[in-house]
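# Descriptive structure summary
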Amino acid sequence: MACGFDVITIFPGMVRAYLGESIIKRAIQGGLLDVGVHNLRDFTKDRHRTTDDYPYGGGSGMVMKVEPLHEALSALRQDGTPRLTVLLTPQGRAYTQQTAERFAADERRIVLICGRYEGIDERARELLVDEELSIGDYVLTGGELASLVIIDSVARLLPGVLGDAESAREESFTWGILDYPHYTRPPEFLGRTVPDVLLSGNHRDIAQWRRREALRRTLQRRPDLLEKADLTVEDKRFLRELCSDRTKSSGEDTDESYKGY
Ligand code: ADE
């Protein structure tokens, strides 16, 4: 069965534009992914098709009204398909690769409500929404890009969506650490050469080099990821070595980041 999403937005064109290109387009055409894009204004009942209103209590910014959202979700529910309702908002819990994996395995259709304006009526959150998600600590003009980030990252996990050339590699990120460096031809560019090990043809050495470079990068750029990552005894030994090298070269006698590895 195809993985299904319903996007509720006041800018359906934005969402359709992205879905109509490249890998996602192919996944939809191939029946692996199904995305319904719904214009929230179609579920309003007034002449002006109003989806927002002034905040009670005053202040700047408009608030997304509860009734059109309730109408839209009731209309979707008519077909009896089980659904999980997600609101995209900077106030949500952090969306991660783990969330993408959970959604890819979920049998339910996932409804993505794209917030706009300053926020959404609290009663819509309470009554209509199962989960609130944020794609990062920055504020977008609306949830459309966030919903596309979710659809894209879930779609590429579905069997058959990525071709062999795109998916053959096991990505580091699925192990909870950053990716290793990649090289392709030419072997030398502006004096920079490709590491010898990658030209050696020794698959064990190549795998070890990649793993170590991935760990080195993660320690440098995202040490926070190492706390939750799936690390082997050998990984931890290598990280300890890196940390003690760092301590020696910086002349410190203790190194905080050594802890735990
Ligand atoms: N809407 C506005 N900013 C957002 C964010 N960072 N994540 C999800 N939805 C949003």
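Our subject is the structure listed above.
Residues numbered from 1 in each chain as written. Predicted model: local features only at pLDDT ≥ 70, side-chain atom pairs only at ≥ 80, totals over all residues. Heavy atoms only, no water.

### Observations concerning the side chain of Thr99
Its place among the elements puts Thr99 in helix H4 (residues 97-105). Those residues within four positions of Thr99 in sequence are excluded, and the remaining contacts are Ala94, Glu131 and Leu133. (Helix = DSSP H or I, 4+ residues; strand = E, 2+ residues; numbered from the N terminus. Contact = heavy atoms within 4.5 Å.)

### Thoughts on the sheet that holds strand S4 (residues 63-64)
Overall, mixed pairing links the three strands, which are arranged S3-S4-S7 in an open sheet. At either end of the open sheet lies a strand with only one pairing partner, and these are strand S3 (52-53) and strand S7 (119-120). (Pairing = 2+ DSSP bridges.)

### Focus on the packing of aromatic side chains
For the coordinates displayed, the defined rule picks out one aromatic pair. Seen in terms of ring centroids, Tyr95 and Phe103 are 6.4 Å apart; in terms of plane orientation they differ by 35 degrees. Their pairing is tilted. An identical accessibility class is assigned to Tyr95 and Phe103; each is buried. (Phe/Tyr/Trp six-rings, centres within 6.5 Å; stacked < 30°, edge-to-face > 60°. Buried < 20%, exposed > 50% of the residue type's maximum accessible area, 1.4 Å probe, protein only.)

### A word on the side chain of Arg211
By the element assignment, Arg211 lies in helix H8 (residues 203-221). Among the polar contacts made by the side chain of Arg211, one reaches the side chain of Asp235 at a distance of 2.5 Å. (Polar contact = N/O pair within 3.5 Å; in protein donor to acceptor, adjacent residues only side chain to side chain.)

### Considering the pairing of strand S1 (residues 3-9)
The buried fraction of S1 amounts to seven of the seven residues, a majority that puts the element mostly inside the structure. Judged by which residues are buried, S1 turns out to be covered on both faces: Cys3, Phe5, Val7 and Thr9 on one side and Gly4, Asp6 and Ile8 on the other are all buried. Looking at chain direction, S1 and strand S2 (residues 33-39) are connected through seven bridges and run parallel. When the sheet's bridge partners are listed, Gly4 is paired in S2 with Asp34.

### As for the packing of H8 against helix H10 (residues 233-250)
Between H8 and H10, the shortest axis-to-axis distance is 10 Å and the interhelical angle comes to 50 degrees. Taken together, the axis directions place H8 and H10 in an arrangement best described as oblique. H10 is crossed by H8, and the crossing has right-handed handedness. Contact residues: H8 offers Gln208, Arg211, Arg212, Leu215, Arg216, Leu219 and Gln220, while H10 offers Glu234, Asp235, Arg237, Phe238, Leu239, Leu242, Cys243 and Arg246. The residue inventory of the contact of H8 with H10, partitioned by class, reads six nonpolar, two polar and seven charged. (Axes fitted to C-alpha atoms, helices over the stretch in contact; angles between N-to-C directions. Parallel < 35°, antiparallel > 145°, perpendicular 65-115°, else oblique. Left-handed = near helix turned anticlockwise from the far one by under 90°. Nonpolar A, V, L, I, M, F, W, Y, C, P; charged D, E, K, R; others polar.)

### As for the site of the ligand
For the ligand, the full set of nearby residues is Leu88, Thr89, Pro90, Leu133, Ser134, Ile135, Gly136, Tyr138, Val139, Leu140, Gly142 and Ala146. Contact between the ligand and Ile135: a nitrogen atom at 3.0 Å from a main-chain N or O atom of the residue. Gly136 is positioned such that a nitrogen or oxygen atom in its backbone is 3.1 Å from a nitrogen atom of the ligand. Protein burial of the ligand: of its 260 Å² of free accessible surface, 97% is covered by the chains. When residues of the shell around the ligand are traced back to their parent elements, those giving at least two are strand S5 (83-94) and strand S8 (131-134). With three residues, the top contributor of residues to the shell around the ligand is S5. (Near = heavy atom within 4 Å. Areas by Shrake-Rupley, 256 points an atom, 1.4 Å probe, with all protein chains shown as cover.)

### What about unusual backbone geometry?
Here the bond from Arg185 into Pro186 is cis, since omega is 5 degrees, no more than 30 degrees from zero. Inspection of the secondary structure puts Pro186 in the loop between helix H7 (164-167) and strand S9 (188-189). Look at Ser22: it is not a glycine, yet its phi comes out positive at around 55 degrees. Inspection of the secondary structure puts Ser22 in helix H2 (residues 22-29). Ser22 gets classed as exposed once you look at its relative accessible area, which sits at 55%. With phi around 45 degrees, Leu190 is a residue other than glycine that occupies positive phi space. Judged by its relative accessible area of 76%, Leu190 falls in the exposed class.

By themselves these figures say nothing about function.
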